[in-house]
Amino acid sequence: MAEYYITQSKMTALMKELASDSSMEVFGPVKKGNDVFISKLEDTSELCLDYFTTVNSIKEAIFPRFEPILQYKIRGEGVELEDLPPIKPLVVFGGHPCDAASVPLMKDLFSWDYKDHFYLQRLEKVVIITLACDEKDKDCFCTSLGGSPHGETGSDLLLERVSKEGWQVKVVSDKGKKFIESHPDFFRDKITPEKGYPKIQDKDIPVMFQLDRVKTWIEKNFEHPLWEELSSNCWSCAACTYVCPTCHCFDITDDATMWEGVRTKNWDACTLPFFTKHASGHNPRSQSYERYRQRISHKYNYYIDLFDHVSCTGCGRCSRVCKAGVNILDIIKRIDEESTKGEK
Amino acid sequence: MSENWEPKIITFVCNWCTYAGADLAGTSRFKYAPNIRIIKTPCSGRIDPMFIVSAFEKGADAVLISGCHPGDCHYNEGNYNARRKFTMMKKLLETIGVDTQRVIFAWCSASEGIKFSRLVNDVTESIKKIGPYTEYHKLNQKER
Amino acid sequence: MQELINKAKELIENKEVDLLIGYQSDGEKGAKPLFVKNPLQAEQLIFNQYCLNNLVTYLMRPDVKACKKVAVVAKGCDIRALVMLLSENQMSREDVYIIGMTCDHVVSPDGTGENEKCATCKVHNPHLADIVLGSPVQEKYPKDKPVKHTQIEKLNAMSQEERWAFWQEEFSRCIRCYACRQACPLCYCERCIVDYNTPQWIDTRSNPRGNFAWNIVRALHLAGRCIDCGECERVCPANIPLMLLNQSLQEEAQEKFEWEAGYDPESEPPLTTFRKEDDEEFIR
């Protein structure tokens with residue numbers, strides 16, 4: 001695979017140039033307070049390159065928080081459908097391999113029983129530039145799910161830090177190749193990695209549970225009291241869902257006046273209290289532990305049944321953002337432990 | 001702002017005092033600007049902050065709220081509660097940077113036809129000067 | 001804290017309470033909530049300066065409300081929320097066993113310094129409790145002095161346009177996760193205004209329109225009720241300074257109605273009452 005080298009300053013300059021091009025959308029890491037967020041870059045945005053990981057994931061670049069799916073005006077006789085804003089070419093920079101790994105997972109879902117052209121068109125137009133990891137923390141567990149701090153899955157370009165000033169650029173896909181060819185002045189020939197790089201290896205994130213045991217336990221223990229114990233702290237907000245790179249639920253809402261209207265696809269979360277509230281008033285998941293059980297079962301059981309892959313990349317964002325103290329790794333480890341006891 | 005722009009002032013009035021006052025202005029033929037859109041509530045105490053927010057979201061350039069004078073409320077205390085709520089609403093809107101020149105509170109009784117028409121004319125005049133509330137209308141982004 | 005563990009075990013073993021909500025250690029992250037239903041779980045109870053969560057927020061959760069009686073480990077600031085719940089008739093005094101913990105200050109484990117709220121705390125020693133644990137702490141802020149918040153002064157000094165630009169920037173990161181609402185002990189409505197769709201009062205999109213509406217309305221629904229625990233701001237994943245909104249209304253309530261929420265369960269929250277002489281300078 002072809003390799004190049006790019007310095008931090010060249011990368012910043014490249015992102016700035018792309019961000020000032022109004023014919024495209026660029027997403028990159030921006031600092032706010034003590035945290036870094038993947039945000040839409042304007043030409044005035046200050047890129048931050050010194051961070052462990054971002055609070056949110058690259059998800060919102062390809063799967064917007066809200067997007068119009070239908071627009072109309074009522075003129076004279078009838079309803080006039082309006083064209084939706086065109087989907088611009090996208091560049092997403094600054095996610096980690098655990099972000100990029102979510103992309104094929106989302107693609108499976110959005111090309112399943114209904115081909116969601118909103119997602120698929122953006123996916124076609126996106127160039128994903130991933131930063132391999134230099135650090136990890138207690139909430140990381142990509143390796144337990146077949147991932148790696150240097151994983152290439154889902155990326156177009158993978159940047160491996162090889163010196164204090166810059167990264168080795170691995171061209172993972174054709175789109176990545178084309179990207180380099182369109183911006184040749186920023187990339188140099190690859191260099192010999194300096195001593196001490198890469199800073200972390202796969203072995204620095206030990207595998208912490210056996211996924212197949214976890215799935216089997218979840219399959220067989222819908223009514224187990226452990227669910228309530230594990231999720232008692234959860235106060236049913238949507239913070240974990242919205243920062244998760246693989247969570248993809250959405251709501252459809254209408255906003256209209258007498259003369260015009262728009263139908264929007266909006267993020268939604270199965271953790272929120274009214275997610276499953278029926279028109280009759282009945283809510284099959286009225287308790288927070290029922291909703292949390294659903295969240296884990298969806299990711300670690302049902303998704304595997306449907307798509308042969310766990311719907312989690314082990315990024316740990318949900319655990320980091322949860323201020324109620326719910327930690328997905330602790331929960332999965334506990335389930336794994338439970339699965340080794342007795343018959344079940 | 002086009003030449004023909006006219007402010008749209010959503011006006012919440014209580015049924016017993018201000019609505020009757022507006023009616024009196026009409027029957028007495030006191031002229032007032034046609035820019036207000038009256039929404040009648042039973043009492044000024046019914047006013048919810050969402051009314052102000054919704055009005056701006058949907059294109060209002062100003063919101064005018066009027067009820068009975070304290071002591072004269074048809075429901076005895078509604079406007080006393082309203083007065084406290086209005087204090088809070090005004091403060092929060094100021095803090096958040098909403099143009100509070102565009103949120104006007106008044107007490108106007110059933111016999112104050114003149115006051116009502118003058119109030120409407122004054123408010124319309126001042127909103128005409130500061131223009132449409134495009135800053136708020138721009139918030140309604142359909143796409144990111 | 002052995003005293004706490006012993007008391008917890010006693011309450012559970014005597015069946016005085018069905019559930020006790022306290023804190024457990026969360027390693028490097030400090031502390032996190034713990035739901036105790038049996039004496040063995042009680043062994044994990046701790047109390048230290050990392051016990052940031054306001055556990056009173058769980059008291060209004062349906063499964064907790066269904067318990068016969070609940071014990072809650074609470075700091076003075078948390079008890080202010082409980083006092084408000086009592087004065088709003090959301091629970092009876094007999095429904096809860098308050099384990100008041102004296103507290104000098106709380107701090108984030110990542111070392112971002114003492115919480116601003118602790119500098120103006122008037123209840124280092126719990127003002128309402130069934131039992132108070134921990135050594136008494138010197139109250140530093142005079143009880144009758146209005147609380148002065150420093151962060152909001154910068155906002156107040158801005159012009160209207162600057163404030164508008166400030167909040168546009170801040171709310172651009174709001175993802176409408178409602179962590180602020182769920183963590184808030186006084187956001188206990190069974191059906192929140194944002195969950196209504198006939199009419200759709202608040203735009204559920206995380207666009208500027210929806211985000212402004214949500215944050216304006218939440219702040220106003222807390223007018224005169226917010227007890228300054230700061231949880232909303234702490235739990236916000238997007239680092240939005242939400243307390244500025246709540247504190248501006250706290251200051252207004254203090255100035256206009258001489259009111260500070262959550263100290264006296266007998267007192268009437270300001271929006272449930274009135275005085276003939278209330279300010280109406282701003283009303284034409």
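Given the structure is predicted, the values throughout are model-derived calculations rather than measurements.

Conventions and cut-offs
Residues numbered from 1 in each chain as written. Chains lettered and ligands numbered in written order. Predicted model: local features only at pLDDT ≥ 70, side-chain atom pairs only at ≥ 80, totals over all residues. Helix = DSSP H or I, 4+ residues; strand = E, 2+ residues; numbered from the N terminus. Rg over C-alpha atoms; globule rule 2.2 N^0.38 Å. Buried ≥ 20, exposed ≤ 12 C-beta atoms within 10 Å, placed from the backbone. Contact = placed C-beta atoms within 7 Å. Pairing = 2+ DSSP bridges. Nonpolar A, V, L, I, M, F, W, Y, C, P; charged D, E, K, R; others polar. Axes fitted to C-alpha atoms, helices over the stretch in contact; angles between N-to-C directions. Domains from an automatic or database assignment. pLDDT = per-residue confidence, 0-100. Parallel < 35°, antiparallel > 145°, perpendicular 65-115°, else oblique.

## Thoughts on the overall build of chain C
Stage number 1. Of regular secondary structure, chain C possesses 11 helices and six strands.
Stage number 2. The C-alpha atoms of chain C give a radius of gyration of 19 Å, which matches the 19 Å a tight globule of 284 residues would have.
Stage number 3. Taking the principal axes of its C-alpha atoms as reference, chain C extends roughly 60 × 40 × 40 Å.
Stage number 4. Evaluated residue by residue, chain C yields a buried proportion of 47% over its 284 residues.
Stage number 5. Restricting to contacts in chain C with at least 6 residues of sequence separation, those with at least 24 account for 67%.

## Here we look at the pairing of strand β12 (residues 260-267) of chain A
All names here are of chain A.
Stage number 1. The sheet contact formed by strand β4 (residues 66-75) and β12 spans seven bridges and is antiparallel. Bridge pairing in β12 links F66 to N266.
Stage number 2. Pairing of strand β11 (residues 250-256) with β12 involves seven bridges; the strand directions are antiparallel. Bridging from a neighbouring strand, I252 pairs with K265 of β12.
Stage number 3. Taking the residues that link successive antiparallel strands as the turn, the β11-β12 hairpin has three residues.

## Digging into the interface of chain C and chain A
Stage number 1. Listed by partner, the interface residues are 25 residues for chain C and 30 residues for chain A.
Stage number 2. The set of elements that each furnish at least two residues to the side of chain C that touches chain A consists of β2 (31-36), α8 (179-183) and α10 (231-235) of chain C.
Stage number 3. By residue class, the composition of the side of chain C that touches chain A is nine nonpolar, seven polar and nine charged.

## With respect to the interface of chain C and chain B
Stage number 1. At the junction of the two partners, chain C supplies 32 residues and chain B supplies 31 residues.
Stage number 2. Sorting the residues of the side of chain C that touches chain B by element identifies α7 (160-171), α9 (208-221) and α11 (243-257) of chain C as the ones contributing at least two each.
Stage number 3. Looking at the side of chain C that touches chain B, the element that brings in the most residues is α9 of chain C, giving eight residues.
Stage number 4. By residue class, the composition of the side of chain C that touches chain B is 20 nonpolar, three polar and nine charged.

## Let's talk about the sheet that holds strand β2 (residues 25-32) of chain A
Strand pairing in a sheet takes place through backbone hydrogen bonds and is either antiparallel or parallel in direction.
Residue and element names in this part refer to chain A.
Stage number 1. Taking strand neighbours across the sheet as the criterion, the eight strands line up as β3-β2-β6-β7-β8-β9-β1-β10 in an open arrangement whose pairing is mixed. Since the sheet does not close on itself, it has two edges, and those belong to β3 (35-40) and β10 (188-189), each with one partner.
Stage number 2. Of the pairings in the sheet, the one linking β2 to β3 comprises six bridges and is antiparallel in character. Bridging across to β3, K31 finds its partner in V36.
Stage number 3. Across the sheet, helix α1 (residues 8-19) is in contact with β1 (3-7), β2, β6 (90-95) and β9 (166-171); its angle to β1 comes to roughly 85°.

## Observations concerning the sheet that holds strand β5 (residues 78-82) of chain A
All names here are of chain A.
Stage number 1. Read from one edge to the other, the open sheet built from four strands follows the order β5-β4-β12-β11, with strand pairing classed as antiparallel. In this open sheet, the two strands that pair with only one neighbour each are β5 and β11. On average, adjacent strands in this sheet sit at an angle of 20° to one another, irrespective of strand direction.
Stage number 2. Sheet analysis places β4 next to β5, joined by five bridges and oriented antiparallel. Note on β5: the bridge partner recorded for K73 is E80.

## Examining the domain arrangement of chain C
Residue and element names in this part refer to chain C.
Stage number 1. Split by domain assignment, chain C resolves into domain 1 (2-133) and domain 2 (151-272).
Stage number 2. Taking only C-alpha atoms into account, the centre of domain 1 sits 24 Å from that of domain 2.
Stage number 3. Taken together, the contacts link 20 residues of domain 1 with 19 residues of domain 2.
Stage number 4. If you list the elements that add at least two residues to the side of domain 1 that touches domain 2, you get α4 (76-87) and α5 (116-119).
Stage number 5. It is α4 that provides the largest number of residues to the side of domain 1 that touches domain 2, a total of eight residues.
Stage number 6. Residue composition of the side of domain 1 that touches domain 2, grouped by class: nine nonpolar, six polar and five charged.

## Some words on the confidence of the model for chain C
Stage number 1. On average, residues of chain C score 95 in pLDDT, and 99% of them are at 70 or above.
Stage number 2. Across the assembled chains, the prediction reports ipTM 0.95 with pTM 0.96.

## Looking at the packing of helix α7 (residues 211-220) of chain A against helix α12 (residues 328-339) of chain A
Residues and elements named next belong to chain A.
Stage number 1. At a closest axis distance of 9 Å, the pairing of α7 and α12 adopts a crossing angle of 80°. The orientation of α7 relative to α12 falls into the category roughly perpendicular. Taking contact as the criterion, the partners of R213, V214, T216, W217 and I218 in α7 are, on α12, I332, I335, D336, E338 and S339.

## Description of the environment of V13 of chain B
Residue and element names in this part refer to chain B.
Stage number 1. Checked against the element boundaries, V13 lands in strand β1 (residues 9-14).
Stage number 2. Judged by the 24 C-beta atoms lying within 10 Å of it, V13 falls in the buried class.
Stage number 3. Each C-alpha atom, one on V13 and one on C73, is 13 Å from the other, the two residues being 60 residues apart in sequence.
Stage number 4. The contacts of V13, once residues within four sequence positions are left out, are T18, Y19, A22, I38, K40 and S66.

## Looking at the pairing of β9 of chain A
Residue and element names in this part refer to chain A.
Stage number 1. Counted residue by residue, β9 has five buried out of six residues, so it is predominantly covered.
Stage number 2. Where β1 lies against β9, five bridges are found, and the strand directions are antiparallel. Bridged to I6 within β9 is W167.
Stage number 3. Where strand β8 (residues 157-161) and β9 come together, five bridges link them in antiparallel fashion. Of the residues in β9, the one forming a bridge with E160 is Q168.
Stage number 4. Adjacent in sequence and paired antiparallel, β8 and β9 are bridged by four residues.

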